[in-house]
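Each chain, letter by letter, is given below.
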Amino acid sequence: MMSGFSFDLVERVPERRRERKATFLHLVGTAGPYGEVSLKISNDREATLVADGLPDATLSSYFGSGHITIDEWTRLTVGGVTAGLSRNRRALRNKDRGFSIELGDRHYTYLCGPAWREELRDSERGPVVRQGDPPAGVVTTLDVLPDADATDLALALIMQGADRHVLAIGKVIFNEVWSLLTGGKAYE
């Protein structure tokens, strides 16, 4: 078991014009002992995680644009294993609104925890990766807890490519109000 660590993900703008047109968002960072990580979300509704020290992961859907919508058509794979995804759309409490993920014999919930900070929670070990407090210029900070392993981190990273605004009822309401005030532009 290793000690926990934190790392930042920052946006990398592709150099080539063709790649900029095909890419919605490209995040990069150094995930402690796992090395460099790259999460690319394409305009073709697919997020891809590439990292030497972590299992490869993909998240894709047939519908939408930008961040990947989690619905019955969404496909998630980590390390070649296809995960089952579901969520309770009618839940009122934040802890009940999370995404349920079955990855092999592991059962996770990706949810919005205290202070609107998201976390990946294993059903047996509890929280394994949490969002931290990002400094200016950083898209997100991830706090990797001591019980986490490479699969946990790969799953938490690929979930950064998902549309996670639906996790907290407050975020949903805030985004709707923000959208009305700004002429349809959602708050990111």
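The rules behind the values
- Residues numbered from 1 in each chain as written.
- Predicted model: local features only at pLDDT ≥ 70, side-chain atom pairs only at ≥ 80, totals over all residues.
- Heavy atoms only, no water.
- Buried < 20%, exposed > 50% of the residue type's maximum accessible area, 1.4 Å probe, protein only.
- Helix = DSSP H or I, 4+ residues; strand = E, 2+ residues; numbered from the N terminus.
- Pairing = 2+ DSSP bridges.
- Core = buried A, V, L, I, M, F, W, Y, C linked by side-chain atoms within 4.5 Å.
- Contact = heavy atoms within 4.5 Å.
- Axes fitted to C-alpha atoms, helices over the stretch in contact; angles between N-to-C directions.
- Phe/Tyr/Trp six-rings, centres within 6.5 Å; stacked < 30°, edge-to-face > 60°.
- Salt bridge = Lys/Arg side-chain N within 4 Å of Asp/Glu carboxyl O.
- Polar contact = N/O pair within 3.5 Å; in protein donor to acceptor, adjacent residues only side chain to side chain.
- Patch = residues over 30% accessible without salt bridge, like charges linked within 9 Å, V, L, I, M, F, W, Y side chains within 5 Å.
- Areas by Shrake-Rupley, 256 points an atom, 1.4 Å probe, with all protein chains shown as cover.

1. Section: the pairing of strand 8 (residues 99-103)
Inference 1: Residues Phe99, Ile101 and Leu103 of strand 8 are buried on one face, while the alternating residues Ser100 and Glu102, pointing to the opposite face, are not.
Inference 2: By the bridge criterion, four bridges tie strand 7 (residues 81-87) to strand 8 in an arrangement that is antiparallel. For Ser86, the partnering residue across the bridge sits in strand 8 and is Ser100.
Inference 3: Pairing geometry for strand 8 and strand 9 (residues 106-112), over five bridges, is antiparallel. Looking at strand 9, one finds that Ile101 is bridged to Tyr108.

2. Here we look at the nonpolar core
Inference 1: Formed by 43 residues in total, the largest nonpolar core has its most connected members in Phe7 and Leu153.
Inference 2: The element contributing the most residues to this core is helix 2 (residues 150-158), with six residues.
Inference 3: Here Phe7 is in contact with Thr30, Ala31, Val37, Thr140, Thr141, Leu142, Val144, Leu153 and Leu157, once residues within four sequence places are set aside.

3. Observations regarding the sheet that holds strand 7
Inference 1: Reading around the barrel, the twelve strands line up as 1-2-3-4-5-6-7-8-9-10-11-12 and close back on themselves, with antiparallel pairing between neighbours. On average, each strand axis in the sheet is inclined to that of its neighbour by 20°, with strand direction left out of account.

4. Considerations on the packing of aromatic side chains
Inference 1: All told, the structure shown has two aromatic pairs when counted by the stated rule.
Inference 2: Aromatic side chains Phe5 and Tyr34 sit 6.3 Å apart centroid to centroid with 45° between the ring planes, which places their arrangement in the tilted category. Of this pair, Phe5 sits in strand 1 (residues 5-11) while Tyr34 sits in the loop between strand 2 (23-30) and strand 3 (36-42); the two residues are 29 residues apart in sequence, bridging distant segments of the chain. We note that Phe5, like Tyr34, is buried.

5. Looking at the pattern of salt bridges
Inference 1: In the structure shown here, the tally under the stated rule is nine salt bridges.
Inference 2: We note a salt bridge from Glu19 to Lys40, for which the minimum N-O separation is 2.9 Å. Highlighted residues: Glu19 in helix 1 (residues 17-22) and Lys40 in strand 3, separated in sequence by 21 residues.
Inference 3: For Glu19, a relative accessible area of 29% corresponds to the partly exposed category.

6. Structural notes on helix 2
Within an α-helix, residues lying three or four positions from one another point in the same direction, as the helix has 3.6 residues per turn.
Inference 1: Burial within helix 2 is extensive, with seven of its nine residues counted as buried.
Inference 2: Every buried residue of helix 2 is accounted for by Asp152, Leu153, Ala154, Leu155, Ala156, Leu157 and Ile158.
Inference 3: The residue sitting at the N-terminus of helix 2 and contributing the capping side-chain oxygen is Asp149; that oxygen lies 3.2 Å from the backbone nitrogen of Thr151.

7. Side note on unusual backbone geometry
Inference 1: With phi around 65°, Arg45 is a residue other than glycine that occupies positive phi space.
Inference 2: Along the chain, the position of Arg45 falls in the loop between strand 3 and strand 4 (46-51).
Inference 3: What makes Arg45 partly exposed here is its relative accessible area of 29%.

8. Some details on the pairing of strand 3
Inference 1: Within strand 3, five of the seven residues are buried, leaving the element largely enclosed by the surrounding structure.
Inference 2: The pairing of strand 2 with strand 3 spans seven bridges and is classified as antiparallel. In the strand pairing of strand 3, Leu25 is matched with Ile41.
Inference 3: Hairpin connection, strand 2 to strand 3: the antiparallel pair is bridged by five residues, and Gly32 has positive phi, about 45°.
Inference 4: What sits between strand 3 and strand 4 in their antiparallel hairpin is a turn of three residues, with Arg45 showing a positive phi close to 65°.

9. Looking at a nonpolar patch on the surface
Inference 1: A surface patch of nonpolar side chains, amounting to about 390 Å² of accessible area, comprises Tyr62, Phe63 and Trp73.
Inference 2: Within the element layout of this structure, Tyr62 appears in the loop between strand 5 (57-60) and strand 6 (75-78).
Inference 3: A relative accessible area of 60% places Tyr62 in the exposed class.

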